[in-house]
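Below are the chains, spelled out letter by letter.
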Amino acid sequence: MPERSGPGFRRRVGPPSRRARVALLTLGVLAVLFLLFVMFAGFWTDWLWFRSVRYSSVFTTQLWTKIGLFAVFGLLMAVIVGFNVWLAHRLRPPLSAMSVEQQSLDRYRAGLAPFKRWALIGVSLVIGLVAGAAASGQWRTWLMWTNATSFGEKDAQFGMDVSFYAFDLPFYEFVLGFAFSAVIVSLLTSALVHYLYGGLRLQGPGRRASAGAQGHLAVLLGVFVLLKAVAYWLDRYALAVKTGSYKGVSGWTGLRYVDANAFLPAKTILFFVAIICAVLFFLTPIRRTWAPALIGLGLMVLSAVLIGGLYPAIVQQFQVKPNEQAKETPYIQKNIDATRQAYGIADAQTTQYSPQGSTSADALKPDAQTIADIRLLDPNIVSPTFQSLEQQRNYYAFPSTLDVDRYGTGTGKQDTVIGLRELDLNGVQRNWINDHFKYTHGYGAVVAKGNQVDDRGQPVFTESGLPATGTLGDYQQRIYYGEKTTTYSIVGGSNKEIDYTDPKTGQNAEYTYSGDSGVSLDNPITRAAYAVRFAEPQILYAGAITDGAKVIYNRTPKERVEKVAPWLSIDADPYPVVQDGRVVWVLDGYTTSDGYPFSSKTTLGTATKDSLTNQRGELLAVANQVNYIRNSVKATVDAYTGEVKLYQWDEKDPVLKTWMKAFPGTVEPKADIPQTLLPHLRYPQDMFKVQRDLLGQYHVTDANSFFNGSDIWQVPVDPTSDTKQVQPPYYVTVRMPDTNAASFSLTSTFVPNQRPNLAAFMAVDADPGDDYGKIRILKMTGDSGAPGPGLVQSKFNSRQEVASQITLLKSGGDSELEYGNLLTLPVGNGLLNVEPVYVRGRGAKYPTLQKVLAVYGDDNVAFENTLEDALKKVFAGAAPATTPTAPSTPGTGGTPTSPATPTPTGPGTPAPGGTISPELQKALADAEKAYNDGQTAFKNGDWAAYGNAQKALGDALKAADAARGGGPAPTPAATPTGSGSPSPTP
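Reading guide: rules and limits
Residues numbered from 1 in each chain as written. Predicted model: local features only at pLDDT ≥ 70, side-chain atom pairs only at ≥ 80, totals over all residues. Heavy atoms only, no water. Helix = DSSP H or I, 4+ residues; strand = E, 2+ residues; numbered from the N terminus. Contact = heavy atoms within 4.5 Å. Areas by Shrake-Rupley, 256 points an atom, 1.4 Å probe, with all protein chains shown as cover. Pairing = 2+ DSSP bridges. Salt bridge = Lys/Arg side-chain N within 4 Å of Asp/Glu carboxyl O. Buried < 20%, exposed > 50% of the residue type's maximum accessible area, 1.4 Å probe, protein only. pLDDT = per-residue confidence, 0-100. Polar contact = N/O pair within 3.5 Å; in protein donor to acceptor, adjacent residues only side chain to side chain. Axes fitted to C-alpha atoms, helices over the stretch in contact; angles between N-to-C directions. Parallel < 35°, antiparallel > 145°, perpendicular 65-115°, else oblique. Left-handed = near helix turned anticlockwise from the far one by under 90°. Nonpolar A, V, L, I, M, F, W, Y, C, P; charged D, E, K, R; others polar. Phe/Tyr/Trp six-rings, centres within 6.5 Å; stacked < 30°, edge-to-face > 60°. Arc of directions from axis to C-beta. Core = buried A, V, L, I, M, F, W, Y, C linked by side-chain atoms within 4.5 Å.

J.: It is not clear to me how the overall build of the chain should be interpreted in this structure. Could you clarify?
T.: When you go through the chain residue by residue, the secondary structure sums to 28 helices and 36 strands. Partitioning the contacts of the chain with sequence separation of at least 6, the portion at a separation of at least 24 is 69%. For the chain, the exposed surface amounts to about 43500 Å²; the carbon and sulfur share of it is 56%.

J.: What exactly am I supposed to notice about the sheet that holds strand β16 (residues 519-520) here?
T.: Two orientations exist for strands paired in a sheet by backbone hydrogen bonds: parallel and antiparallel. Spatial ordering of the open sheet is given by β13-β17-β16, a layout of three strands whose pairing is antiparallel. Two strands close off the open sheet at either side, each with one partner strand: β13 (489-492) and β16. With two bridges joining them, β16 and strand β17 (residues 549-552) adopt antiparallel strand pairing. When the sheet's bridge partners are listed, S520 is paired in β17 with K550.

J.: It is not clear to me how the sheet that holds strand β6 (residues 414-420) should be interpreted in this structure. Could you clarify?
T.: Spatial ordering of the open sheet is given by β5-β6-β9-β10-β11, a layout of five strands whose pairing is antiparallel. Of all the strands in the sheet, the pair left with one neighbour each is β5 (403-407) and β11 (469-470). Bridge count between strand β9 (residues 445-453) and strand β10 (residues 459-464): three bridges; the pairing is antiparallel. Looking at β10, one finds that V447 is bridged to E463.

J.: Help me understand the pattern of salt bridges, please; the structure alone is not making it clear to me.
T.: Pairs can form between side chains of opposite charge whenever their charged atoms are close. As enumerated under the stated definition, the model contains 28 salt bridges in all. Taking the shortest distance from any N to any O, the salt bridge between R582 and D638 comes out at 3.2 Å. With R582 in strand β20 (residues 582-593) and D638 in strand β23 (residues 628-638), this residue pair connects regions lying 56 residues apart in the sequence. Take R582: its relative accessible area is 27%, and that puts it in the partly exposed class. When its relative accessible area of 8% is taken as the criterion, D638 is described as buried. Here the salt bridges share partners, and the residues they tie into one network are D405, R406, K413 and D767.

J.: Looking at this model, I keep getting lost on the confidence of the model for the chain. Mind explaining?
T.: In regions of low pLDDT, the predicted coordinates are not meant to be interpreted in detail. Taken as a whole, the chain shows an average pLDDT of 85; of its residues, 86% reach a score of 70 or greater. Below a pLDDT of 50 lies the segment residues 879-914, which in the model reaches 62 contacts outside its immediate sequence neighbourhood of four places, other chains included. Predicted confidence for residues 966-986 stays below pLDDT 50, and this span has 66 contacts to residues more than four positions away or in other chains.

J.: Got a minute to help me understand unusual backbone geometry in this structure?
T.: Trans peptide bonds make up most of the peptide bonds, and negative phi angles are found at most residues other than glycine. The omega angle of the peptide bond from L466 to P467 is -5°, so this bond is cis rather than trans. Inspection of the secondary structure puts P467 in the loop between β10 and β11. Of note, the phi angle at N829 is positive, near 65°, even though the residue is not glycine. Given the relative accessible area of 47%, N829 is considered partly exposed.

J.: How do you make sense of the side chain of H441 when you look at a structure like this?
T.: Inspection of the secondary structure assignment puts H441 in the loop between α15 (432-438) and β8 (442-443). Within the local environment of H441, its side chain forms a polar contact with the side chain of Y480, the two groups lying 3.3 Å apart. If sequence neighbours within four positions are ignored, H441 has contacts with Y396, L423, R478, I479, Y480, E497, I498 and D499.

J.: Sorry if this is basic, but what is going on with the environment of I539 here?
T.: Mapping I539 onto the fold places it in helix α17 (residues 538-541). On the basis of relative accessibility, which here comes to 1%, the residue I539 falls in the buried class. In sequence terms I539 and L521 are 18 residues apart; their C-alpha atoms lie 9.1 Å from each other. With sequence-adjacent residues up to four places away left out, I539 is seen in contact with W432, Y488, R527, Y530, A531, F534 and I545.

J.: Whenever I open this one, the packing of helix α6 (residues 139-146) against helix α7 (residues 162-196) confuses me. Can you help?
T.: Interhelical geometry of α6 versus α7 gives an angle of 125° and a closest axis separation of 8 Å. It follows from the interaxial angle that α6 and α7 lie oblique. Judged by the twist between their axes, the crossing of α6 over α7 is left-handed. Seen from α6, the contacting residues are T141, W142, M144 and W145; seen from α7, they are A166, F167, D168, P170, F171 and Y172. The residue makeup of the contact of α6 with α7, split by class, is eight nonpolar, one polar and one charged.

J.: How do you make sense of the pairing of strand β33 (residues 848-856) when you look at a structure like this?
T.: Most of β33 is tucked away, with eight of its nine residues classed as buried. Strand direction decides the pairing type here: strand β32 (residues 830-840) and β33, joined by eight bridges, are antiparallel. When the bridges of β33 are listed, V834 appears paired with A854. Here five bridges tie β33 to strand β34 (residues 860-864), and the two strands are oriented antiparallel to one another. Considered in β34, the bridge of Y856 is made with N860.

J.: Hey, could you run me through the packing of aromatic side chains in this one?
T.: Given two aromatic rings, their pairing is described by the distance between the two centres and the angle made by the two planes. This structure, assessed with the given rule, holds 50 aromatic pairs. Note on F180 and F224: the rings are 5.2 Å apart at their centroids and 65° apart in plane angle, and the pair reads as edge-to-face. Within this pair, whereas F180 is found in helix α7, its partner F224 is found in helix α8 (residues 211-238), the two being separated by 44 residues in sequence. Residue F180 is classed as buried on the basis of its relative accessible area, which comes to 16%.

J.: Could you clarify how one ought to interpret the packing of α8 against helix α9 (residues 257-287) in this entry?
T.: Across the interface, α8 lies against α9 with an axial gap of 8 Å and an inter-helix angle of 165°. Here α9 runs roughly antiparallel to α8, going by the angle between their axes. At the point where α8 passes α9, the crossing takes the left-handed sense. For the contact of α8 with α9, the residue count by class is 19 nonpolar, five polar and three charged.

J.: Where do I start with helix α25 (residues 800-810) in this structure?
T.: Since the α-helix advances by 3.6 residues per turn, residues separated by three or four positions end up pointing in the same direction. Of all the positions in α25, only V802, I806 and L809 are classed as buried. Burial along α25 is one-sided: seen end-on, the buried residues are contained in an arc of 60°. Among the exposed residues of α25, those pointing more than 90 degrees away from its buried face are Q800, T807 and L808. For α25, the elements touching its buried residues are α24 (789-798), β30 (816-819), β32, β33 and β34.

J.: I would appreciate a short explanation of the side chain of T370 in the present structure.
T.: Tracing the sequence through the fold places T370 in helix α13 (residues 368-372). According to the relative accessible area criterion, T370 is buried, its value standing at 1%. Among the polar contacts made by the side chain of T370, one reaches the main-chain amide nitrogen of R735 at a distance of 2.8 Å.

J.: Explain the environment of A862 here, please?
T.: Here A862 shows up in strand β34. Residue A862 is classed as buried on the basis of its relative accessible area of 0%. For the pair A862 and V852, spaced 10 residues apart in sequence, the C-alpha to C-alpha distance is 7.8 Å. When residues no more than four places from it in sequence are discounted, the contact partners of A862 are V852, L853, A854, A870, K873 and V874.

J.: Explain the nonpolar core here, please?
T.: Note on soluble globular proteins: their nonpolar side chains tend to be buried together. If you look at the biggest cluster of nonpolar residues, it comprises 152 residues, and the most contacted ones within it are W567 and L646. Considering every element that reaches this core, the biggest residue donor is α7, with 16 residues. Each residue touching L646, except ones within four places of it in the same chain, is listed here: Y55, V561, A565, V633, K634, A635, T666, V667 and E668.

J.: Whenever I open this one, helix α18 (residues 557-564) confuses me. Can you help?
T.: Of all the positions in α18, only P557, K558, R560, V561 and V564 are classed as buried. Along the axis of α18, the buried positions cluster into a sector of 165°, meaning they face one direction only. Each element contacted by the buried residues of α18 is listed here: α1 (18-52), α2 (56-90), β18 (569-570), β20, β23 and β24 (644-648).

Shown next, in the form of structure tokens:
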């Protein structure tokens, strides 16, 4: 019979067929299995990666800690809630005692009756799962509490060790928060069950709660109030790490007068009030009345308002405000002392400095090395130059910001600009094979002298070419791990990767990776897991993956270190070092805390941001607020193997010691740092930026001066950048006025609040050694009038002769000027500012250095083709003294004596009239030659040559000292110095 349709007729729809049910069930099972495999793939590939880098203990420690916290706190929450729900049901009144309102819920009780047990288990498990997941996120808090190390320092209010606030208090607060959650959830679920089963009613005459419900809920409320008492007690200690805003410090931390004299007593009183109130709730089941407990609760709330709110406001208004400075000064001093200690600036040395407007030859002599090593090559500008001259192949590239390091020893030690030729897949035809099998690595380091350019304004390379050759010798040049390497590669097996195109044959030089990095893909399950991880099904069946093939990923140095040391904050600027035939990335790791009492907090992302942030990429941390920081770890990542090494750098840091207990064997002792790597380590930039940010206000160590706020410094805006961000710090070789020799340092300047003149110059010794990390601040005297960077730039641009030359350089708008780093250096009892000027011609791919701007004092401004010419102009009249006098023994500070033939004395040296050893004779001859070379260079204004001669003189004096067996340093040929001027010091 034909099927009828149309209005009034509907097709009968029956249950789905057996085949459809089987299909739906199969699809459901497959979907669940796929989701489970995705979860497994993430877990399995993480485990394989940690095992491949030999940090599997980090993975297992995190995993078992999270599982333990999840299980314990999840189970605890489930049991607490489940017990209270069961108890509420057990205490239900008989049906006969229910009111009409309660009897109307019969249908709900009847519907729930067959599933009561499963409902109880289900609700408890869901709540337990949520609580367990939240607790597992507290694995850091747990590990720090269980492995806490004493700071050996006590807070200024309660006399507790700092470790209590850093490690213990956060855990106690977590446990207290968990307990509150358990009680609140139990209270809500129990009240619901009591209402559903007649223990509570909302309408009608008589008692609103049965005796069972009343007793149960009263005990829960009593526990809640008791927990509140514990919270009041812990709040007393939390005042020491309470954060607010005061005197322009947005992260001001610690007690003030009103906290110590109003809030602290109030918290103590409220603690006892809460205990009494809790006892009244516990007595409610016995007294069968809510009245005493509710009165007690009302009194507690009233006390919290009056004692905890109104009373402190009265104290603030009538005691503090009329005499705020006297009241707050002791607490300000506690904040100053704690902040300076917590950020490692307590030992910062501040000296008054009155820069002179002119100088002399005698004043310039001690700063010869500073002048010789003035960096002309700005690592933030010359990356396009490296790219154009040394890219060699389209699939290589350099970072947008290069790095500054030191290479060589003795007289050959040179500040250099270094960059690695890293892989850039944008330069190849993109497909899966090219991206992941053929083009897998960069090749070679390129190094240039920091203080020189050639006659075309281009870098003077000391290591260049492909393969790279130069002063670095033989080393593994392939860069498999780098800042620009963000994709995975499959290497090894029979895979032939492309090194580079041989310029002689025009053929691709091929290579098969032989390092021990990566995860083997021989296992089909592993291949499937990585196919899911990278969302690339070809990994499952690609014939290019042969036996022995491995996948390498997580290839940027920063993410590798962050993954193996998740408790560290990593500096945003890793830098490469060539040592022992390898290229390694060096990274600085910081341990931080937000629990240092009285120490003001800072936001790391704000403190470390400067005009180069966008070029360098990442910030140290975007929103982390801390009030304690230490550069506790130096980390390395091998650019070929990806091997990660963590070395203990700060051997006193209790936070690092705590993490070393939690993750034993992951951090190697400081003594294991390779001796060839040690000279390349440096003071980290992000640490320095955090410290200078704090020193803007906390250079003031007197509480009264701090209160007045009349001496606040700011980091100046970078006048060479359009970002309106602050000036970055610069690595330079500089001699501070209170030292004998120049050293590799990290420097910055300050200007007064809202004013453009210079307030201070800050430098920290960046070379590993006895003075490493020593902060020195030259505070300008009030009448100095020294210009800040903005004013210096204005002096450059406002000079007519400079402006006209700039116009010529721009060639009517066809060329573009780029200002390099504006360096401020204390030289010759004054301040020298130097800025290289680069010109990028129309259509040019890279800038070249064409001019050097220099200013010394107020009126000495130069805009010349070379640094030497600029310095001759600004140091006009500063000629070397002509009266020769012998220098005092270096480092003694003695008065110069009359010249004489070098007369060695001391142990192991011949008596007068005896013979001198050949080694000593050579050393003395070298010293005399170095001295003569230095004098010639000084007269010619060749500061680079003079600096090298001074280095050679220092090395010769040391060699002579060693040849004599350690006696006093010999006196070399006479060195012309002025009266009272210091002699060159090795």
